Amino acid sequence: MSDNEDPGFDLGAPAKSEAYRVLARKYRPSDFTGLIGQEALVRTLSNAFALNRIAHAFMLTGVRGVGKTTTARIIARALNCIGPDGKNTAPTIQPCGVCDACVTIAESRNVDVQEMDAASRTGIDDIREIIEGVRYAPASARYKVYIIDEVHMLSKQAFNGLLKTLEEPPPHVKFIFATTEIRKVPVTVLSRCQRFDLRRIDSMELADYLAKLAVKENVKIEADALALIARAAEGSARDALSLLDQAISHNDQGEIGASAIRAMLGLADRGRILDLFEKMMGGKIAEALADLGGLYDSGADALAVMQDLLETVHFLTRIKVSPGAQGFFDGGSGEAKRAAEMAAKLSVPALTRAWQIFLRGLFEVRDATRPIQALEMVLIRLAYAADLPPTDKLVRDLLDNPPPVGGSKLPPRSGGNFGEGASARAQAAPAPAAIPESAPTFRKLEDIAALAAANNAPVLKVHIENDIHLVHLETGRIEFRPSARAPRTLAGDLQQKLKDWTGQRWSVSIASEGGAPTLAEQKKSAKAARFESVMQEPMVRAVLDRFPGAEIVAVRDVAAEESVAPIIDEKDE
Ligand SMILES: [Zn+2]
């Protein structure tokens, strides 16, 4: 094996002429050694293969993006690999990757390995096709393999049809099912499958993986930047790779920094969030509001800031009860140290009270017509509360009588939340926003991107900004041409999320040509135009002439920055 044939990473150095392949496709694992974070599955399968006790049907479950389809294809290869010399007569846990079976399965064009998406083919007729086909021997492979994705979407009738085959499967047939919602799969079907729960990949593990991959790709990127990507990907290697891809394509030169990733994801600088929180807890309301104005001005979303503040409180409380806990602030970073110092000074009752106020604030900010104003009011409330002595009684009163927020929106009591593994983000994730009486209308793609940001979906937001050439948009319908880098699942993901977020059905269609430049492209050309016009200013020209070698590094809108001050003065009175 030569150096660049790493079995795990499919690392054939691309020839210069080869079209750019997105990282997620380029590094899609082709065998079990390349599958990161799924050791338990690999161990169990290895044993089964070694003992020749291979199940007839497998059920792969896990959240989207953990690699269910990829794993299904690897299992199909393991079942059918005949080895480089074509002499391998039994399934192998180490498929060779070069034989005809391995190659055709990886490219989804093996006649004996059929993939079907139950999300689009739910009926009994679709299953009947499979049931008919099961009777015939495979054309060339060892096994006929049926991969059925999102199997929980099958109709009841389809499940019943499938069940008969699952009860007595012919020896040459294997089923591999994948699902994001295992509870919707009938027990009768489940009981006939060997089940594997694919876990989310730990963000540290994911960051390590990205770091190795960056080295292979000759990309310079800060460790903090990788940590941000890993965390935004929430355990999905596919999302992480696609974010890294975007980061690389955004980068003009040099090392990719954490600030660039933060800007890409629409995240506020965590150090600044910490500043803001510190000032509020110190009762320094005017300074806190000034900080908020700065964050808002640099593009941070009010709801995102609110969520970050909740994460901050959660993290501080966590490290108070178990020092060294990982989370919102990266271990070892300057912010993590500052957070630890801050946590030492604050009492648990004070933190609990902050949590309570923020949690209630989250709903207020989410539902406000002007979220930034609602956020300012939340900060003011906390700053004044922080002035009061944080007595246990005060807190107990608050916990016993949570301030009414109205109906079902009442936030859960925070008492039991601390110390659990779930992050504040998960607990505080806004439920699909109740549809207001006048449902929001969507006219611009920016509206959709903002919706993704407000619903804490940075990965999708990045794809909306970078991979959508908009053809048509109206509320309930969007048509676009995906960019070459767009993930295969973009249209489906978008449709699901739009439904979750707006409470109405969306038709999402794909155009093969046309469409406007992406939001990122528009932003880039606007920036270029701005630089160009600044270059034409006589003052600027004069400066550039006077200082040979000087260059313009940024163009800032002074008027916009100054407009922050009056807002703060107003609030201060
Ligand atoms: Zn093979």
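First, a word on scope: everything that follows refers to the structure included in this document.

Calculation notes
Residues numbered from 1 in each chain as written. Predicted model: local features only at pLDDT ≥ 70, side-chain atom pairs only at ≥ 80, totals over all residues. Heavy atoms only, no water. Donors = N, O, S within 2.8 Å, 3.2 Å for Na, K, Ca; no water. Tetrahedral: all angles 85-135°; square planar, octahedral: opposite > 155°, others 65-115°. Helix = DSSP H or I, 4+ residues; strand = E, 2+ residues; numbered from the N terminus. Buried < 20%, exposed > 50% of the residue type's maximum accessible area, 1.4 Å probe, protein only. Axes fitted to C-alpha atoms, helices over the stretch in contact; angles between N-to-C directions. Parallel < 35°, antiparallel > 145°, perpendicular 65-115°, else oblique. Left-handed = near helix turned anticlockwise from the far one by under 90°. Contact = heavy atoms within 4.5 Å. Nonpolar A, V, L, I, M, F, W, Y, C, P; charged D, E, K, R; others polar. Pairing = 2+ DSSP bridges.

### Brief notes about the coordination of the zinc ion
Line of reasoning, step 1. Within the first shell, the zinc ion binds the protein through Cys-81 (SG), Cys-96 (SG), Cys-99 (SG) and Cys-102 (SG), at distances of 2.3 Å.
Line of reasoning, step 2. Considering all 4 donor atoms around the zinc ion, angles at the metal cover 100 to 120° and the coordination shape is tetrahedral.
Line of reasoning, step 3. The sequence pattern describing where the donors of the zinc ion fall on their chain is C-x14-C-x2-C-x2-C. With a gap of 15 residues between them, Cys-81 in the loop between helix 3 (68-80) and helix 4 (100-106) and Cys-96 in the loop between helix 3 and helix 4 connect regions that are remote in the sequence.
Line of reasoning, step 4. According to the relative accessible area criterion, Cys-81 is buried, its value standing at 1%.
Line of reasoning, step 5. A relative accessible area of 25% means that Cys-96 is categorised as partly exposed.

### Description of the packing of helix 9 (residues 223-232) against helix 11 (residues 258-265)
Between two packed helices, both the angle of their axes relative to each other and the distance between the axes serve to describe the pair.
Line of reasoning, step 1. Running from N to C, helix 9 and helix 11 point in directions that differ by 25°, and their axes come no closer than 7 Å. On the basis of the axis angle, helix 9 is roughly parallel to helix 11. The hand of the helix 9/helix 11 crossing is right-handed. Of the residues in helix 11, those touching helix 9 at Asp-224, Ala-225, Leu-228, Ile-229 and Ala-232 are Ala-258, Ile-261, Arg-262 and Leu-265.
Line of reasoning, step 2. Here the residues of the contact of helix 9 with helix 11 sort into 7 nonpolar, no polar and 2 charged.

### Here we look at the pairing of strand 1 (residues 57-61)
Line of reasoning, step 1. Taken across its 5 residues, strand 1 has 5 buried, putting it largely inside the fold.
Line of reasoning, step 2. Of the two faces of strand 1, the one lined by Ala-57, Met-59 and Thr-61 and the one lined by Phe-58 and Leu-60 are each fully buried.
Line of reasoning, step 3. In terms of strand pairing, strand 1 meets strand 4 (residues 173-179) through 5 bridges, oriented parallel. If you follow Ala-57 over to strand 4, its bridge partner there is Phe-175.
Line of reasoning, step 4. With 4 bridges connecting them, strand 1 and strand 5 (residues 194-197) associate as parallel partners. Counted as the bridge partner of Thr-61 is Asp-197 from strand 5.

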